[in-house]
Structures are given as structure tokens and as C-alpha cells.
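# Results of the structural survey
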Amino acid sequence: MDFVKGIDVARYEPSIDWYKVQQAGYKFAFIKVSQNSNDPKFLTHWKNAKHAGMPRGGYHFYDPRFNSPQYQAELFFTSLGNDLGELPFVVDIELYTSGPYYGSRYWYDYIERLNYLSGNHPLIIYTAYHYWNDNVYKVPSV
């Protein structure tokens, strides 16, 4: 089976040699932009990956505990500035199961706001099968 390898990077990778990443066979990167605040390594990873010619997509780790979905979408989008990357956006929905903005209704609000801000830039929802089934799939409005 043929597949294309990519990587997911965030603040946990303090420095990356993007040319070595490419030499290792990786063809794209998803870079964490935000989770209630900007990822402190986002701008460095974003600019360096672009400089190396690595196709990039930004992702937001949706966190319902503190900020509204609209705020989270605005933070993500404005953090990208005029460089939306070459790949779809990603919203990572997987961890927190409590907070005032928990549930598929709010995830939908996040996606709607991001679609509005970006002019419907392509978006991927990243989640686990069991998480989707337990938290979203049974909701008739989704």
C-alpha cells in the first residue's frame, strides 16, 4: 500500500531541520497554531517550513473550557495572517469533555465562524472514531 507521510508539529518540537524532515520522506506538515492562545512555536515552525518548501496546514486544538468557539476560530484565523498555508485547516476535537463550550453544537459554531472568516477554506475534522461516536454521531443536527 502506498501512502504519503506527513508530520504534526507543535511547541513540543523546539527546533526542526525541515530539510532533514523532507530527506526522511515526509511530504507535508500540520502545524499547531492555537489552543486558547497561540502555540509559542507556531510562527517559527510556520515560516521555516515554508522556507524549506514543505506544504503546510495549520491546526487548532479545540478546547471548550475557556473561550467561545467564535473566539477560538478568530484566534486561529487571525494568527495565520495573510498566509493560510497550502493544505486544509484542521480542527482537532478529542480531549476535553466538559466546559461551557463543550458539545457538537459548539464545534459547529467554531466551524461556521472559521468558514465565514476564511471564505470556506477547506477544513478537516481530526478526531477519534470512538470520540466521534460518543459525542457527535448520535446528534441529529450534525
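Refer to the structure printed above.
Residues numbered from 1 in each chain as written. Predicted model: local features only at pLDDT ≥ 70, side-chain atom pairs only at ≥ 80, totals over all residues. Heavy atoms only, no water.

What follows deals with the sheet that holds strand β4 (residues 89-92). Backbone hydrogen bonds hold the strands of a sheet together, and the pairing may be parallel or antiparallel. Here we have five strands laid out as an open sheet, ordered β1-β2-β3-β4-β5, and parallel in their pairing. Pairing within the sheet leaves two strands with one partner each, and these edge strands are β1 (5-9) and β5 (123-126). Across the sheet, the axes of successive neighbouring strands diverge by a mean angle of 25 degrees, strand direction being ignored. The strands touched by helix α2 (residues 42-51) within the sheet are β1, β2 (26-34) and β3 (56-61), with β2 carrying the most contacts at an inclination of about 155 degrees. (Pairing = 2+ DSSP bridges. Helix = DSSP H or I, 4+ residues; strand = E, 2+ residues; numbered from the N terminus. Axes fitted to C-alpha atoms, helices over the stretch in contact; angles between N-to-C directions. Contact = heavy atoms within 4.5 Å.)

What follows covers helix α4 (residues 104-118). In this model, α4 (15 residues) spans 21 Å end to end at C-alpha, consistent with the 21 Å of a helix rising 1.5 Å per residue. Taken residue by residue, α4 has S104, Y106, W107, Y110, I111, L114, N115 and S118 as its buried positions. One or two steps after α4, the chain reaches G119, where phi turns positive at roughly 70 degrees. (Expected span 1.5 Å × (residues − 1). Buried < 20%, exposed > 50% of the residue type's maximum accessible area, 1.4 Å probe, protein only.)

On to unusual backbone geometry. Its identity is not glycine, yet N36 carries a phi of approximately 70 degrees, on the positive side. A positive phi angle, near 65 degrees, is found at N120, a position not held by glycine. Topologically, N120 is positioned in the loop between α4 and β5. For N120, a relative accessible area of 57% puts it in the exposed group.

Bringing the pairing of β4 into the picture now. Side chains of β4 alternate between two faces, with F89 and V91 and V90 and D92 buried alike. Two elements, β4 and β5, share four bridges in a ladder whose sense is parallel. Paired with V91 across the strands is I125, a residue of β5. Between the parallel pair β4 and β5, the chain is carried across by α4, and the sense of this crossover is right-handed. (Right-handed = clockwise from strand over helix to strand, strands pointing away.)

Right, let's talk about helix α3 (residues 69-80) for a bit. The terminal C-alpha atoms of α3, which comprises 12 residues, lie 17 Å apart, in line with the 16 Å expected from a rise of 1.5 Å per residue. Among the residues of α3, those classed as buried are P69, Q72, A73, L75, F76, F77, S79 and L80. Its buried side turned inward, α3 meets β2, α2, β3, β4 and α4. One or two steps after α3, the chain reaches G81, where phi turns positive at roughly 60 degrees.

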